[in-house]
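# A closer look at the structure
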Amino acid sequence: MKHARRLVAGTLAAGALALSLTGCGDNVDTTERLGRKTAEATPDAAGATPSPAASGASPAPGGASDEAYKKWGLTAPLQYAPKPAQKPQIPKPGAGKVPVIDRIPVPADDKVVFLTFDDGAEKDPEFLKMAADLKLPISMFLTDSVASSDYGHFEKLRDNGSSSTINNHTLSHPNLRTLSFEGQKKEICGQQDRLEKRFGQRPPLFRPPFGNYNDDTLRAASECGVSSLVLWRVSMQINNFQYAEGSALKPGDIVLAHFRGPGELKGTTETQMTTRMLQRIQDQGYRIGRLEDYL
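Rules of the game
Residues numbered from 1 in each chain as written. Predicted model: local features only at pLDDT ≥ 70, side-chain atom pairs only at ≥ 80, totals over all residues. Heavy atoms only, no water. Axes fitted to C-alpha atoms, helices over the stretch in contact; angles between N-to-C directions. Helix = DSSP H or I, 4+ residues; strand = E, 2+ residues; numbered from the N terminus. Parallel < 35°, antiparallel > 145°, perpendicular 65-115°, else oblique. Left-handed = near helix turned anticlockwise from the far one by under 90°. Contact = heavy atoms within 4.5 Å. Nonpolar A, V, L, I, M, F, W, Y, C, P; charged D, E, K, R; others polar. Buried < 20%, exposed > 50% of the residue type's maximum accessible area, 1.4 Å probe, protein only. Phe/Tyr/Trp six-rings, centres within 6.5 Å; stacked < 30°, edge-to-face > 60°. Pairing = 2+ DSSP bridges. Right-handed = clockwise from strand over helix to strand, strands pointing away. Core = buried A, V, L, I, M, F, W, Y, C linked by side-chain atoms within 4.5 Å. Salt bridge = Lys/Arg side-chain N within 4 Å of Asp/Glu carboxyl O. Lys, Arg positive; Asp, Glu negative; His and termini not counted. Polar contact = N/O pair within 3.5 Å; in protein donor to acceptor, adjacent residues only side chain to side chain.

### Section: the packing of helix α4 (residues 151–158) against helix α5 (residues 181–199)
- The contact between α4 and α5 brings their axes to 11 Å, and the two run at 70°. Between α4 and α5, the angle is such that the two are roughly perpendicular. In this structure, the crossing between α4 and α5 has a hand that is right-handed. The segment α4 lies against α5, with Y151, G152, E155 and R158 engaging Q191, L195, R198 and F199.
- For the contact of α4 with α5, the class distribution of residues is three nonpolar, two polar and three charged.

Laid out in structure tokens, this is it:
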């Protein structure tokens, strides 16, 4: 993929809303670019046992230590949303399809957002420390062609006590809308199989590369055992958010970020980018929830 390509999120469930997130001074090619060593990536050892995080346990609100926020450049502790007593009602999809979710339908006064990270090209040990110290509940959407060179990195992220989760982002990161039904099914089911073999659990959530999908995607995902196709309304760039609509977070927003390093972030590290993202969430008075607790 060319570095100049822009991210355009695909058709959304309601209203065919497109995320055309361009024109920002610090914009970093918001397509979910893959690492340069895709061809050399090889899976590591299989046969891992599911952790308590993988089984669906929820992080305790305020699980981070009182001093952790200072270590990572925040001026106040992060606020975490507890698991809701009842999951929000998600519109039911058509027969044989999975639902498409781009924002969690929470009450208008429930200022909660959700952290998601895609791809898996960057494997920064400092980010592992940050996520563990802050107990960030992250929903990871991994692409085999880049993440498999060190799946152990993401296993550590899953098992750090935050109840982070590992989900499906295809085998090789294609534009699924250019593939046949069988081609899409190979990409989705193939990654389901690999993640199940490596981490001991078949992921319930799937995110299509670039946000691009069609009816074949929804049918293929269902046949592969996926429960929901997850998109987003907000993406994190180097310094600031870009929004699909408006200029601020909204309750239930799913935030897209990427496992990227300085080469992709114009010299900024993954931890620096994440600190800025968390600061923007705090500045707007939001708490962080665990996506899987709401789906």
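### Notes on α4
- Burial within α4 is extensive, with seven of its eight residues counted as buried.
- Contacts from the buried residues of α4 go to α2 (125–134), β5 (138–142), α3 (144–147), β6 (165–168) and α5.

### A word on the packing of aromatic side chains
- Going through the model one piece at a time under the given rule, you end up with seven aromatic pairs.
- Measuring from ring centre to ring centre gives 5.3 Å for Y151 and F199, while their planes differ by 75°; the resulting arrangement is edge-to-face. Highlighted residues: Y151 in helix α4 and F199 in helix α5, separated in sequence by 48 residues. Accessibility classification places Y151 together with F199 in one group, the buried group.
- With 6.0 Å between their ring centres and 70° between their planes, F241 and Y243 make a pair best called edge-to-face.
- Aromatic rings pair up to connect F117, F127, F154 and F259 into one cluster.

### Digging into the pairing of strand β4 (residues 112–119)
- Across the eight residues that make up β4, a large majority, eight, are buried.
- One ladder, built from five bridges, connects β4 with strand β11 (residues 254–258); its direction is parallel. The residue bridging T116 from the neighbouring strand is L256, located in β11.
- With five bridges joining them, β4 and β5 adopt parallel strand pairing. Residue pairing across strands places D119 opposite L142, the latter belonging to β5.
- In the classification by handedness, the crossover that spans β4, the intervening α2 and the parallel β5 is right-handed.

### Regarding the environment of I90
- One can find I90 in the loop between α1 (68–71) and β3 (100–101).
- Through-space distance from the C-alpha of I90 to that of Y294 is 9.5 Å; in sequence the pair is 204 residues apart.
- Look past the residues within four positions of I90 in its chain and what remains in contact with it is P99, I101, P105 and L295.

### A closer look at the nonpolar core
- Counting 41 residues, the largest nonpolar core has L134, L136, F241, L249, M277, L278 and I281 as its most contacted members.
- Ranked by residues supplied to this core, first place goes to α2 with five residues.
- Excluding residues that lie within four positions of it along the chain, L136 makes contacts with L78, Y80, L115, A131, S162, S164, T274, L278 and I288.
- Formed by 29 residues, the second largest nonpolar core is a distinct cluster that contains I188, Y213, L218 and L291.

### Focus: the pattern of salt bridges
- The tally for this structure, following the rule as stated, stands at 19 salt bridges.
- Among the charged side chains, a network of salt bridges with common partners joins D102, R103, R233, E245 and D253.

### Notes on the environment of Y213
- Within the element layout of this structure, Y213 appears in the loop between β7 (205–206) and α6 (215–223).
- Residues Y213 and R177, spaced 36 residues apart in sequence, show a C-alpha to C-alpha distance of 5.5 Å.

### Some words on the environment of K250
- Relative to the assigned elements, K250 resides in the loop between β10 (241–243) and β11.
- Residue classification places K250 among the partly exposed positions, given a relative accessible area of 29%.
- For K250 and D109, which are 141 residues apart along the polypeptide, the C-alpha to C-alpha distance reads 9.6 Å.
- Sequence-distant contacts of K250, that is, excluding residues within four places in its chain, are made with R103, V112, V113, E245 and Y286.

### Section: the side chain of K123
- Summarising the element assignment, K123 is placed in the loop between β4 and α2.
- Although K123 is buried, it makes no salt bridge; D150 carries the closest opposite charge, 6.6 Å away.
- Reaching out from K123, the side chain makes a polar contact with the backbone oxygen of G120 at a distance of 2.9 Å.
- In this structure the side chain of K123 is engaged in a polar contact, spanning 3.2 Å, whose partner is the side chain of S149.
- Not counting chain neighbours up to four residues away, the residues in contact with K123 comprise V146, A147, S149, D150, H153 and F154.

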